[in-house]
Number of protein chains: 2
Amino acid sequence: MLVYLNGDYVPRERALIPVDDRGFLFGDGIYEVTRVVRGRPFEAGRHARRLRRGVDGLRIDLPTGMEDELTAVAERLIAENGLGDGEATVYMQVTRGAVAPRTHQFPPAGTRPTVYVGAQRFAPPDAVRERGAAVVTYPDIRWGRCDLKTVNLLPNVLAKQAAVDAGAFEGVFVRDGTVTEGAQTTVFAVLDDTLLTHPLGERILPSVTREVVLELAAELGITTYEEAFTIDELRGAATEAFLASTTADVMPAVSVDGAPIGDGRPGAMTRTLGDALARRLGRGD
Amino acid sequence: MLVYLNGDYVPRERALIPVDDRGFLFGDGIYEVTRVVRGRPFEAGRHARRLRRGVDGLRIDLPTGMEDELTAVAERLIAENGLGDGEATVYMQVTRGAVAPRTHQFPPAGTRPTVYVGAQRFAPPDAVRERGAAVVTYPDIRWGRCDLKTVNLLPNVLAKQAAVDAGAFEGVFVRDGTVTEGAQTTVFAVLDDTLLTHPLGERILPSVTREVVLELAAELGITTYEEAFTIDELRGAATEAFLASTTADVMPAVSVDGAPIGDGRPGAMTRTLGDALARRLGRGD
């Protein structure tokens, strides 16, 4: 498998970074995961724009336009690795570069960021989707800039592992009684036939799939509010809930901490939106 | 320069890690920095215990006793790199290992953690100490487990850079009006001839130097409370303040956001504690 590292295409096992890389030492970088269906990166432009927003937000000095060149890199990796049919994902990461000695402050101007891109085969979790996913709650102990897609991912790792430990699919962050988002997903709930999801801001990631789902909901005439809901509402009044992400697509959430959401089965609005997203992805029939 | 990586002693430029390392992808690891004076790692036992507490806290499967073996590794690096005289530091990092495919949840049991140790020459910031350090405040936007010394260090990087941008030495985190700690240091203030510092808990790192300074203060008969103080107190009533860390030692803080602390000069209690720490370090005369 060929990957891209700092301008070179190399076999994955030769993609090595110095221990001085600020990604390794500080988690000082951002990343993107893009879905690829039949060779086509889904919403590549939005991912590229978010990547740019991320490096700018962290003041990582990535050359102008590089975010678009990375889409071309991704396309080459898809082709050269024989991933042009079926499903795949592309992973991109940009860090503030490798430089010694280690200092918390930024390295000298002109330090070249580390840029890594890999592509791999992907099997969507369609079996889980069929019956619906269990989620568990986890305290939202993340930092104050959840809107940046950084590799400071420890709370997400711990929340996801808590889910796996409980035999669940996803860990859902709760802050002050409010559902913010999942460890890897956006959370949507249906209350009074209305679709709700946490508003943008520093508490959640501006998810590409979230944006697409909101567009699809508007096209379908579904009343939607970007408004937070509480964990009590998710446990109680919600008739449906689902997760959304680049790899989970629209994933029905049918239980939270072991208690059913709604009637404990994937809901009708969830199915409708899931089908619409599958069509947008080119996965539909 | 020789470093240690996963059991091998290799030249620094050959210390390379796979892009799949969870340190690089998630900041999924912990680290320690130990001071070395004339070949002797300072408080190596306490650093080893904190490293163990860190890996256990993150459920990284580091073999029992490995934290003590790493002290021996550090001593060998000090000797082999000719760092047995003068000043040096040792950097240790343990991550949850390198494994593909990338998943947020923990990798399979038996995945070997990545262990990296490096040693380098160190020049203490004695010139800054002489006149005292300027600090700037920065919102404490860190996550909820600041007691773990993880490599999820982005807020610390940003706070330190804000200090450097302002021509200051350190960024000091403020949460809800309270001074928690610095980007790389513990913060102490003197109010009414009493020494104050933020209590332990999930909001600050259990700093080794903090612990040593508290011991020295007790020996010197200084009245001390592990009690938080506000940024208003630091700007107003505080007659002295200082930072403490493995590399800053006791560092007088003489201004905050451009305004003097006390009379704007290193204070007497700060000097006394600084001299006592220098003696403990073996740096004293």
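Up top you'll find the structure we're talking about.
Residues numbered from 1 in each chain as written. Chains lettered and ligands numbered in written order. Predicted model: local features only at pLDDT ≥ 70, side-chain atom pairs only at ≥ 80, totals over all residues. Heavy atoms only, no water.

Enquirer: Sorry if this is basic, but what is going on with the overall build of chain A here?
Expert: A count of helical and extended segments in chain A gives 8 helices and 16 strands. On the principal axes, the C-alpha backbone points of chain A span a range of 55 × 40 × 35 Å. Residue pairs at least 24 apart in sequence account for 72% of intrachain contacts in chain A once pairs closer than 6 positions are excluded. Placing the 32 positive and 40 negative side-chain charges of chain A at their respective mean positions leaves the two points 4 Å apart. (Helix = DSSP H or I, 4+ residues; strand = E, 2+ residues; numbered from the N terminus. Contact = heavy atoms within 4.5 Å. Lys, Arg positive; Asp, Glu negative; His and termini not counted. Charge placed at Lys NZ, Arg CZ, Asp CG, Glu CD.)

Enquirer: What is the right way to look at the relation of the copies chain A and chain B in this model?
Expert: Each of the two copies of the chain can be brought onto the other by a rotation about an axis and a shift along it. Under the fitted operation, chain A is carried onto chain B by 0.0 Å of movement along the axis and a turn of 180°, and the coordinates agree to an RMSD of 0.0 Å. Within this description, the copies of the chain are treated as partners about a two-fold rotation axis. When you check the interface residues of chain A against chain B, 100% turn up at the interface there too, and the contact is symmetric in its surfaces. (Least-squares fit on C-alpha atoms with pLDDT ≥ 70 in both.)

Enquirer: Please explain unusual backbone geometry as it appears in this structure.
Expert: Trans peptide bonds make up most of the peptide bonds, and negative phi angles are found at most residues other than glycine. All names here are of chain A. Cis geometry marks the peptide bond from Ala-100 to Pro-101, where omega comes out at -5°. Phi angles above zero are rare outside glycine, and Asp-193 is one such case at about 60°. By the element assignment, Asp-193 lies in the loop between strand E11 (186–191) and strand E12 (194–197). You can call Asp-193 exposed: its relative accessible area is 65%. (Buried < 20%, exposed > 50% of the residue type's maximum accessible area, 1.4 Å probe, protein only.)

Enquirer: Would you explain the packing of aromatic side chains in this entry?
Expert: When we look at a pair of aromatic rings, we describe it by the centre distance and by the angle of the planes. Here the structure, examined in full by the defined rule, presents 10 aromatic pairs over all chains. Look at Tyr138(A) and Phe173(A): their rings are 6.3 Å apart centre to centre, the planes differ by 75°, and that puts the pair in the edge-to-face class. You can see Tyr138(A) sitting in strand E8 (residues 133–139) and its partner Phe173(A) sitting in strand E9 (residues 170–175), a full 35 residues away along the chain. The exposure classification of Tyr138(A) matches that of Phe173(A), with both residues buried. Considering the side-chain rings of Tyr4(B) and Tyr9(B), the 5.4 Å spacing of their centres and the 70° angle between planes classify their relative orientation as edge-to-face. Its relative accessible area of 8% is what places Tyr4(B) among the buried residues. Members of the aromatic cluster, each reached through a chain of ring pairs, are Tyr31(A), Tyr91(A) and Tyr116(A). Positioned over the ring face of Tyr9(A) is Arg76(A), at 3.7 Å from the centre of the ring. A cation over a ring is seen here: Arg96(B) above Phe106(B), with NZ or CZ 3.7 Å from the ring centre. (Phe/Tyr/Trp six-rings, centres within 6.5 Å; stacked < 30°, edge-to-face > 60°. Lys NZ or Arg CZ within 6 Å of the ring centre and 35° of its normal.)

Enquirer: Is there a simple way to think about empty space enclosed by the protein in this case?
Expert: Where empty space is left becomes clear once a probe the size of a water molecule has been rolled over the atoms. With the rule as written, the count across this model stands at 4 cavities of 30 Å³ or more. Of the voids in this model, the largest cavity is the one considered here, and its volume is about 70 Å³. If you trace the largest cavity, you find it lined by Thr34(B), Pro41(B), Ala44(B), His47(B), Ala48(B), Glu67(B), Thr71(B), Ala74(B), Val90(B) and Met92(B). Counting only elements with at least two residues in the lining of the largest cavity, the list comes to helix H2 (44–58), helix H3 (66–80) and strand E6 (87–95) of chain B. Looking at the lining of the largest cavity residue by residue, the class counts come to 6 nonpolar, 3 polar and 1 charged. Quantified by volume, the second largest cavity comes out at close to 60 Å³. For the second largest cavity, the full set of lining residues is Thr34(A), Pro41(A), Ala44(A), His47(A), Ala48(A), Thr71(A), Ala74(A), Val90(A) and Met92(A). Listed by contribution, the elements that provide at least two residues to the lining of the second largest cavity are helix H2 (44–58), helix H3 (66–80) and strand E6 (87–95) of chain A. Along the lines of polarity and charge, the residues of the lining of the second largest cavity split into 6 nonpolar, 3 polar and no charged. (1 Å grid on protein atoms, 1.4 Å probe; cavity = no way out; pocket = protein on both sides within 12 Å on 5 of 7 lines; lining within 4 Å. Points joined across faces, edges and corners; volume = space filled by probe spheres on them. Nonpolar A, V, L, I, M, F, W, Y, C, P; charged D, E, K, R; others polar.)

Enquirer: I keep staring at the interface of chain A and chain B and nothing clicks. Help me out?
Expert: Where the parts come together, the accessible area they lose is often given as the size of the interface. Residue-level contacts link 51 residues of chain A with 51 residues of chain B. Summing the contributions of chain A and of chain B, the shared interface buries around 4,200 Å²; its carbon and sulfur component is 66%. Of all residues in chain A, Phe24(A), His104(A) and Leu154(A) give up the largest surface area on contact with chain B, accounting jointly for 18% of the area buried on that side. Linking chain A to chain B there are 4 salt bridges. Counting across the chain A and chain B interface gives 23 residue pairs in polar contact (both at pLDDT 80 or more). At the level of elements, strand E3 (16–18), helix H1 (22–26), strand E4 (29–37), E6, strand E7 (114–121) and helix H5 (154–165) of chain A are the ones that each hand at least two residues to the side of chain A that touches chain B. (Buried area = accessible area lost by both parts, 1.4 Å probe. Salt bridge = Lys/Arg side-chain N within 4 Å of Asp/Glu carboxyl O. Polar contact = N/O pair within 3.5 Å; in protein donor to acceptor, adjacent residues only side chain to side chain.)

Enquirer: How should the sheet that holds strand E4 (residues 29–37) of chain B be read in this particular structure?
Expert: Adjacent strands of a sheet form backbone hydrogen bonds with each other and so pair up, either parallel or antiparallel. Residue and element names in this part refer to chain B. Strand order in this open sheet of 6 strands is E2-E1-E7-E6-E4-E5, and the pairing throughout is antiparallel. Two strands close off the open sheet at either side, each with one partner strand: strand E2 (8–11) and strand E5 (40–41). Strand direction decides the pairing type here: strand E1 (residues 2–5) and E2, joined by 4 bridges, are antiparallel. Looking at E2, one finds that Leu-5 is bridged to Asp-8. Of the strands in this sheet, E4, E5 and E6 are in contact with H2, which crosses E4 at around 175°. (Pairing = 2+ DSSP bridges. Axes fitted to C-alpha atoms, helices over the stretch in contact; angles between N-to-C directions.)

Enquirer: I keep staring at the sheet that holds E4(A) and nothing clicks. Help me out?
Expert: Residue and element names in this part refer to chain A. Taken in spatial order, the 6 strands of this open sheet run E2-E1-E7-E6-E4-E5, and their pairing is antiparallel. Looking at the sheet topology across the chains shown, the edges are occupied by strand E2 (8–11) and strand E5 (40–41). By the bridge criterion, 2 bridges tie E4 to E5 in an arrangement that is antiparallel. From the neighbouring strand, Val-36 faces E5, where its bridge partner is Pro-41. On top of the sheet, H2 reaches E4, E5 and E6; it is set at about 175° to E4, its chief contact.

Enquirer: How should the packing of H2(A) against helix H6 (residues 208–219) of chain A be read in this particular structure?
Expert: Between two packed helices, both the angle of their axes relative to each other and the distance between the axes serve to describe the pair. Residue and element names in this part refer to chain A. Running from N to C, H2 and H6 cross one another at 135°; their axes reach a closest spacing of 10 Å. Here H6 runs oblique to H2, going by the angle between their axes. Considering how the two elements wind past one another, H2 and H6 form a crossing that is right-handed. Contacts between H2 and H6 pair Arg-46, His-47 and Arg-50 from the former with Val-208, Glu-211, Val-212 and Glu-215 from the latter. The residue makeup of the contact of H2 with H6, split by class, is 2 nonpolar, 1 polar and 4 charged. (Parallel < 35°, antiparallel > 145°, perpendicular 65-115°, else oblique. Left-handed = near helix turned anticlockwise from the far one by under 90°.)

Enquirer: Please clarify how the side chain of Asn152(B) should be interpreted in this entry.
Expert: Relative to the helices and strands, Asn152(B) is located in the loop between strand E8 (133–139) and helix H5 (154–165). Within the structure, the side chain of Asn152(B) is placed 3.2 Å from the backbone nitrogen of Leu153(A), a separation counted as a polar contact. Within the structure, the side chain of Asn152(B) is placed 2.8 Å from the backbone oxygen of Gly27(B), a separation counted as a polar contact. Sequence-distant contacts of Asn152(B), defined by excluding residues within four places in its chain, comprise Phe26(A), Val151(A), Asn152(A), Leu153(A), Leu154(A), Pro155(A), Phe26(B) and Gly27(B).

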